[in-house]
Amino acid sequence: MSLKVFSIEEFSIYDGPGIRTTIFFSGCPLNCNWCHSPEGRLFNKVTLKNPNGCLRCNKCVDICPTKRKSCIGCEKCIDVCPLNLIRISYKEYTVNELTSLILKNVKLLNLNEGGVTLSGGEPLSQNHDLIELIYTLNKFTHVAIQTSGYGNKELFKEVINNVNLVLFDMKIMDKEKAKFYEGIDNSLIFENFEILKSSNTPFIIRIPLIPRVIDTKENLEKIILKIKDSKNLLGVELLPYNKYAGSKYALINKKYEPLFDESIESNPYLDLFEKYNIKVRIL
Amino acid sequence: MNKRIETIYKRILNKEHSFLRNDKKIDLANYFELNNVPYPIRASIRLKVLVQNETPFLFKEDRIGFYRRTKFIPPLLTKEEIKELSKNYNLFEGGYVTNISSDYESIIKNGFKNSLKEIENSLLNANKDETIELIAMKDSINSILELVSKYRDYAKSHDNIELLKALNVVPFNGATSFYEASVFLRILNYSLWLNGNKHNTLGRFDQYMYPYFLNDLKKGVTKEEIFEIIEELFISFNIDSDLYPGIQQGDNGQSLVLGGVDKFGNDAFNELTELCLKASLELKMIDPKINLRVSKNTPSKWFELGTLLTKEGLGFPQYSNDDVVIKSLVNLGYDLEDARDYVVAACWEFIIPKVGLDVPNVGALNFPKVINNVIFSKEFKDMSTFDEFLNAVKKEINKEVLNLVNQTKDIFYMPSPFQSVLMKDCIKNKKDCCFGLKYNNFGLHGAGLSNATDALEAIKLNIFDKHLFSKEELIDALTNDFIGFHDLQKTLSNSPKFGNNIDEVDTLATFLLHEFSNACSKHKNSRGGIYRAGTGSAMYYIRYGENLIATADGRNKGEPLSANYSPSLSFKSNGVLSVIQSFTKPNLFEVCNGGPLTLEFHDTLFRNEEGIKKVASLVKTFIYLNGHQLQLNAINKEKLLEAQKHPEKYPNLIVRVWGWSGKFNELDFVYQNHIIKRLEYSN
């Protein structure tokens, strides 16, 4: 059993309190139209090719069993590229290996009142090693998890009862719209939210302000109504639309096709949050 | 910034004053040689002649000003004379005293009137040479007074009442207000450059100007008024800075030191420190170059103000850690009070103001070449353990240091009477500073440390541990610049590197620095001073790289070495926490010639108050780990454009948003441009 990690950001400052190391797990059950880490959605290992600087020598095409039409993760192309433009999409770690990596920095993380943030992709989609990882890391440092809330209920319960902080995404409230833009039935997310709400674990709600899809007054108010009166709600963090969201699609040879107008400025509706007495800030 | 300052600011930024300059090239050296003019007098005559050509000018908004007219400072020696002297001496920096820190405190306090009086006293029982020197000092002072008198008349005839009032006091008398002290400082700064001294560092401004600040406040001057003076003074350091020769990449070395501790070791940060940082933040000009002296007890506020400044992308502040530097200097024999008063020289080296003639950049050790020397030695093929290799490296370091010492120990400097007036006890001792002061130590940089460390690790791992290839293969590969040895090069490049917090590798860096420091401790220069080992590289990382064949860290022939105290250029980083931990493992108390770890961040890290606080916290962490010196850079537009063209130069550039990060080099080209464009409008 192993954990699939597509990136480890040692020095992360926008993923929880203090200075944190963020582990980005590969694999996500959602299919959000605005996803900015498309390379992190994948459950299967593929190669990523840097879109810049290719010499068109075709060495990678020649050696590929599918002529680079659909990657099977055999990794043969990685070594032949003269400019080292190709890399593997994720690495696999055992709990011990990942823990050792984190332990090297734990002193500095604690010194700066930070810790580790588990993110991705969707960390809940990892196998049960995730729980073991959380148990272990928790002994040494503050552990936070960034999640869409879409995952096995038992796993979710165990996760939130053993982390120090949950960063819980709230996106589209309307079921039909969520199915259209996010590709899933969002009822599971709300069920898990109820579990979170009735736990003792402090949490922050994160809302990506996708223009006119999520940042409508109607949708934001629905979110507020769901989350208010939670005793362990620390506040809401509004995430202005990431203008670089499309920048990594070329890595996986795909096109970014947002079904909304990227150029419209996000609407934070701060007064709405104020009206319901919810602590809110724009990241 | 009020209207008046804004006018001056825009004018200087746009170089609207450059019409004032002339291209006149005066030749004095031939006259000097022909007439066998004694050296001290050459300097004072040159200053006199230059002053004669400096017609005063002020714009109506100026309250400080002073504008250089003659661009070129003529040399004091002919080419033949230089050739002759070079036979026996190291004519460092062309043979001119440079890169020291004057006793601004005393001169501004006492005025030239006091210096002249001291000269008269010393003349009473001076021998012939001493008399020549003292007269040259006197003439130099009088030349500057002459220049000031011209500006006084100009101010009078142009109704510049304030400057006129100030020039009626300074620089003949000591300053009696912050404004007068600032005018005095500018005059000294201007005069030193005119006198042919380079890299005139401005010292501990917030300390020696503080008494005037306090006094002014008592008299009812407001902080806003003081701030205005500081801004105008800072702008004035940029007026002629394009005429000043650079020490590296256009950097003329006008470093200004803030913070630190007082002579008792107590925190010396004050309100003036804060005003200076705020002025620099608002002006965003390349001079003065802010250096911040900190320690692990320095409150976070100062690290945060420093980080705000870093965000502007000017390349400063540079942080120096008092906890390490002061102790290191004392270990090397500096007096504790002097060590506590240290300033930063033009680049990063630690020197003592008022009493130091340390030359902290006489040469540089070429670390990767040392490793190559051992690889290409006849003993290499018989080595059966890595320890034998390390022993040979140790011997080679000692050999190289001895070479450097022999090449550099006999420095010759032309007398600089005016500069000597500004240093302690030169008038009293009747001796020019060029012959030496209280401290006469030399410093050696240590270039390419990371390449050498990485090479050692690669050799240990692949040859001695895993036997992946033979010694002969390595020698062949390096000789042929890896042509035909593609896989071997890849193995070397993929071996563990210094900067990824791997103990086995970091130990090797510790070893190299320790041996370097040890080797230096065995030698003295011709002035009885010691040699200090450092971790800087200056431009040697390019120069040495150009002349070095391929190295065992996978580097190709001719490629630059690592710059200063940083990982090698193509190093793929695990992250900044790893870098900081690696680079604070060596005993940095042994390398007090200085040389900063350089970290570069994309400006998305400084986006908001939270980001600033956390980056400041990271700097403080480095200090806490006993790092000695740190330079934090915000990537600017030029660097991003370069990263687009040469991604191999910036493999670790990461762009960050909440919950998302991307390696700049991997992002779609269109988005790269987007990011670059945003930088133009950010902040």
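Provided above is the structure to which this section pertains.
Residues numbered from 1 in each chain as written. Chains lettered and ligands numbered in written order. Predicted model: local features only at pLDDT ≥ 70, side-chain atom pairs only at ≥ 80, totals over all residues. Heavy atoms only, no water.

### Quick look at the overall build of chain B
Test applied: We count a stretch as a helix when DSSP gives it H or I for four or more residues in a row; a strand needs E for two or more, and each element gets its number in order from the N terminus. Radius of gyration: C-alpha atoms only; globule rule: 2.2 Å multiplied by the number of residues to the exponent 0.38. Here's how the labels work: a residue is buried when its accessible area is under 20% of the maximum for its type, exposed when over 50%, partly exposed in between, all with a 1.4 Å probe on protein chains only. It only takes one pair of heavy atoms within 4.5 Å for two residues to be counted as in contact. Counted as positive: Lys and Arg. Counted as negative: Asp and Glu. His and the chain ends are not counted at all. Every charge is mapped onto a representative atom, which is NZ of Lys, CZ of Arg, CG of Asp or CD of Glu.
Scanning chain B from N- to C-terminus turns up 28 helices and twelve strands. Compactness check: chain B gives a C-alpha radius of gyration of 26 Å against a globular reference of 26 Å for 683 residues, within 12% of the reference. Each principal axis of the C-alpha distribution contributes one length, and for chain B these read about 80 × 60 × 50 Å. For chain B, with 683 residues in total, the buried portion stands at 62%. The long-range fraction of contacts in chain B, counting pairs at least 24 apart against all pairs at least 6 apart in sequence, stands at 77%. One way to put it: in chain B the 83 positive side-chain charges average out to a point 2 Å from where the 86 negative ones average out.

### Quick notes on the pattern of salt bridges
For clarity, the cut-off: Each reported salt bridge corresponds to a side-chain nitrogen of Lys or Arg within 4 Å of a carboxyl oxygen of Asp or Glu.
Enumeration over the complete set of coordinates arrives at 57 salt bridges over all chains. Residue E194 of chain A is joined to K226 of chain A by a salt bridge in which the shortest nitrogen-to-oxygen separation is 3.9 Å. Of the two residues, E194 of chain A sits in helix α7 (residues 187–197) while K226 of chain A sits in helix α8 (residues 217–227), which places them 32 residues apart along the sequence. On the basis of relative accessibility, which here comes to 37%, the residue E194 of chain A falls in the partly exposed class. The exposure class assigned to K226 of chain A is partly exposed, which follows from its relative accessible area of 24%. Where E396 of chain B meets K399 of chain B, a salt bridge forms, and the shortest distance between an N and an O atom there is 3.9 Å. Residue E396 of chain B and its partner K399 of chain B are located together in helix α17 (residues 386–408), separated by three residues, close to a single helical turn. By sharing partners, the salt bridges in this structure join D15, R206, E237 and R281 of chain A together with E610 and K614 of chain B into a single network.

### Considering the packing of aromatic side chains
To keep things clear, this is the line we draw: Two aromatic rings, drawn from Phe, Tyr or Trp (for Trp, its six-membered ring), form a pair once their centres lie within 6.5 Å of each other, and the interplanar angle then sorts them: stacked below 30 degrees, edge-to-face above 60, tilted otherwise. Think of it as a cone above the ring: NZ of Lys or CZ of Arg counts as a charge over the ring if it is within 6 Å of the ring centre and within 35 degrees of the ring normal.
Inspection of the entire model under this criterion finds 43 aromatic pairs over all chains. Relative to Y67 of chain B, the ring of F57 of chain B lies with its centre 6.2 Å away and its plane at 80°, an arrangement referred to as edge-to-face. With a gap of ten residues between them, F57 of chain B in the loop between α3 (39–52) and α4 (79–88) and Y67 of chain B in the loop between α3 and α4 connect regions that are remote in the sequence. You can call F57 of chain B buried: its relative accessible area is 17%. Its relative accessible area of 1% is what places Y67 of chain B among the buried residues. On the numbers, 5.6 Å between centres and 40° between planes, the contact of Y89 of chain B with F412 of chain B is tilted. Linking Y89 of chain B in the loop between α4 and α5 (104–123) with F412 of chain B in the loop between α17 and α18 (417–421), this pair joins segments that are 323 residues apart in sequence. Sitting above the plane of the Y342 of chain B ring, R293 of chain B keeps its charged end 4.0 Å from the centroid. Above the plane of the ring of Y14 of chain A lies R607 of chain B, whose end atom (NZ or CZ) is 4.6 Å from the centre.

### Some points on the interface of chain A and chain B
Put simply, an interface is often sized by how much accessible area is lost when its parts join up. How we decide: Values labelled buried area give the accessible surface lost by two parts on being combined, using a 1.4 Å probe and summing over both.
Between chain A and chain B, the residue contacts involve 44 residues of the former and 44 residues of the latter. For the pair chain A and chain B, the summed buried surface comes to about 3900 Å²; carbon and sulfur atoms form 55% of the total. Looking only at chain A, the three residues that lose the most surface to chain B are F11, Y14 and Y244 of chain A, adding up to 22% of its buried area. Between chain A and chain B we count three salt bridges in total. R281 of chain A is paired through a salt bridge with E610 of chain B; the nearest N and O atoms lie 3.0 Å apart.

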